[in-house]
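Understanding the architecture of this molecule
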Amino acid sequence: MNVLELRNIRKSFGELEVLKGISLSVPKGGVTAVIGPSGSGKSTLLRCATLLEDLDGGDVIYEGKYAVRDGVTADKASLRQIRRCFGLVFQNFNLFPHYTLLKNVMDAPVHVQGRNAAEVRDEALELLKKMGLQEKADAYPCQLSGGQQQRAAIARALCLKPDMLFFDEPTSALDPELTGEVLKVIRQLAEEKMTMVIVTHEMPFARMVADHIVFMDGGVIVEEGDPEQVIGDPRQDRTKAFLRRLER
Amino acid sequence: MTFQTMVLQLSRGFLTTLSIFFLTLLGSLPLGLLVYFGRKSRFAPLRWLIKVYISIMRGTPLMLQIMVVYFGPNLLLGLSIPQNWRFWAAITAFIINYAAYFAEIYRGGIESIPLGQYEAAAVLGYSKSQTFFKIILPQMVKRVIPPVTNEIITLVKDTSLASAIAVVEIFTRARQIVVAPNSPGMLTFAVAAVFYYVFNYLVAFTMERVEKAFAYYR
Ligand SMILES: Nc1ncnc2c1ncn2[C@@H]1O[C@H](COP(=O)(O)OP(=O)(O)OP(=O)(O)O)[C@@H](O)[C@H]1O
Ligand SMILES: [Mg+2]
């Protein structure tokens, strides 16, 4: 069974139709990279999949459970269950500035999932260590670099033990010299078979880490498939044009 | 009247000033939050009512509001006015007036918090009330300290408006002393001014400390 199944997702903002029927399957352990020009609807797709936006049509299904069916969002109780399936890492981190890193990571598992605080604390410290932030557990987000904040945000998402993670351009708010440390963490997650959907402009990274590439343009999926094929040998003219523009 | 007697009488009046000040804050700081909730209610008539209330509180003189609260029960309902209503009428008027201002300050503070905070909380599974009380409210408090400080300093001076209904706080007392036979005259006002000034100095100092206490994050 696929971890995530999107079927014919449609979304408009007023007159502007941003998603014109997107379907996508993400199998367990799969890493999908979503690429495409600015304004093609990549962020909107993630926001719909993570239930931050209401849909105009289509289905969002996690582990066989409908979060959205025919554009209608499930009831509160089911959503609470379904939200446990995924985490989202934002472009600009969105850590809680008034909490230390440890509290940022621990708070939701304890107060949303109701897990044992002492156990969560150990796991949170372990995750921070994995992200290279063991020294920073008691620091506040404002005391950290962008790259450190983004790794903390990844730890925060992971501590809820989601079945999959979404990333929306996780490095594009970072100085170039800080992107590497975040991409390395994501690559490590891929090696551990974490299911992920990653919106990114980093083509070499997408090619290396993803096993499936989706190229979006104008609210539709123009081309998708194996990274070597889509990036190395694109079939559609729009994909070719997009990749050529990036190379310059 | 000796200088000592005058200072003693002003100090007694100042105790009343302090009562008005602290009781007003005690009532209006939390009430402001309720007013904010009303302002944001999904129930349109309540929203509308709160908007009208805020605009009246901000659009008419506080002194007039104090009068209305004091005389209203008698003039509108024909109730007889008990002696201690003076003080409580002033407190009531101050609280409902300042709550309106605080509500608007809270609204500004809450609306300045980035949408990303709500979205992060939603994706992490926080409920609406958890999001508000754990994530939004603490950040709001930090953001509103400077404008709230301004209001509090204004309140110290506004307490003198209670003299409009003859609540014997320090300002009323000073006026009484000045017109009494063989009073210390202008010196009385000078001493009253010192009371206000020193107290406001302490208020500003305290609020600066509060602001510093929140400086551990940005
Ligand atoms: N809340 C909104 N209200 C109105 N229009 C919106 C909203 N969010 C997005 N849009 C519009 O939808 C279109 C797609 O936006 P989206 O952010 O999904 O693009 P994107 O592919 O993520 O672009 P980028 O690479 O620049 O991040 C854009 O034209 C954008 O202006
Ligand atoms: Mg985007």
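The following paragraphs examine the structure supplied in this document. Owing to the predicted nature of the structure, the values given are computational and were not obtained by experimental measurement.

1. Looking at the site of ligand 1
Residues and elements named next belong to chain A.
- If you check the shell around ligand 1, you find 13 residues, and the closest are Ser38, Gly39, Lys42, Ser43 and Thr44.
- Glycine 39 is positioned such that a nitrogen or oxygen atom in its backbone is 2.8 Å from an oxygen atom of ligand 1.
- Contact between ligand 1 and glycine 41: an oxygen atom at 3.0 Å from a main-chain N or O atom of the residue.
- In the complex, 59% of the free accessible area of ligand 1, which totals 630 Å², lies under the protein chains.
- Where the shell around ligand 1 is concerned, the elements lending two or more residues are strand 2 (16-26) and helix 1 (42-49).
- Looking at side-chain class alone, the shell around ligand 1 contains 4 nonpolar, 7 polar and 2 charged residues.

2. Things to note about the packing of helix 6 (residues 128-158) of chain B against helix 8 (residues 186-213) of chain B
All names here are of chain B.
- One way to put it is that helix 6 packs onto helix 8 with a least axis distance of 10 Å and a crossing angle of 165 degrees. Overall, the two elements helix 6 and helix 8 adopt an arrangement that is roughly antiparallel. The interaxial crossing formed by helix 6 with helix 8 has right-handed handedness. Note on element contacts: helix 8 touches helix 6 through Tyr196, Phe199, Asn200, Val203, Ala204, Met207, Val210 and Glu211, opposite Ile145, Pro146, Thr149, Ile152, Ile153, Val156 and Lys157.
- Its residues placed into classes, the contact of helix 6 with helix 8 shows 11 nonpolar, 2 polar and 2 charged.

3. Quick word on the sheet that holds strand 7 (residues 86-89) of chain A
Residues and elements named next belong to chain A.
- The sheet built from 6 strands is open, its strands ordered 7-8-9-3-10-11 with mixed pairing. Across the chains shown, the open sheet's two edge strands, defined by having one partner strand only, are strand 7 and strand 11 (220-225). Mean inter-strand twist for the sheet, computed between neighbouring axes without regard to direction, equals 15 degrees.
- The pairing of strand 8 (residues 164-168) with strand 9 (residues 195-199) spans 5 bridges and is classified as parallel. Its bridge partner lying in strand 9, leucine 165 is registered against methionine 196.
- Lying over the sheet, helix 5 (residues 146-158) contacts strand 7 and strand 8, oriented at roughly 170 degrees with respect to strand 7.

4. Points about the pairing of strand 11 of chain A
Residue and element names in this part refer to chain A.
- Where strand 10 (residues 212-217) lies against strand 11, 5 bridges are found, and the strand directions are antiparallel. Following the sheet pairing, methionine 216 is matched in strand 11 by isoleucine 221.
- If you look at the hairpin formed by strand 10 and strand 11, you'll find 2 residues sitting between the two strands, and glycine 218 has a positive phi there, around 60 degrees.

Criteria and cut-off values
Residues numbered from 1 in each chain as written. Chains lettered and ligands numbered in written order. Predicted model: local features only at pLDDT ≥ 70, side-chain atom pairs only at ≥ 80, totals over all residues. Heavy atoms only, no water. Near = heavy atom within 4 Å. Polar contact = N/O pair within 3.5 Å; in protein donor to acceptor, adjacent residues only side chain to side chain. Areas by Shrake-Rupley, 256 points an atom, 1.4 Å probe, with all protein chains shown as cover. Helix = DSSP H or I, 4+ residues; strand = E, 2+ residues; numbered from the N terminus. Nonpolar A, V, L, I, M, F, W, Y, C, P; charged D, E, K, R; others polar. Axes fitted to C-alpha atoms, helices over the stretch in contact; angles between N-to-C directions. Parallel < 35°, antiparallel > 145°, perpendicular 65-115°, else oblique. Left-handed = near helix turned anticlockwise from the far one by under 90°. Contact = heavy atoms within 4.5 Å. Pairing = 2+ DSSP bridges.

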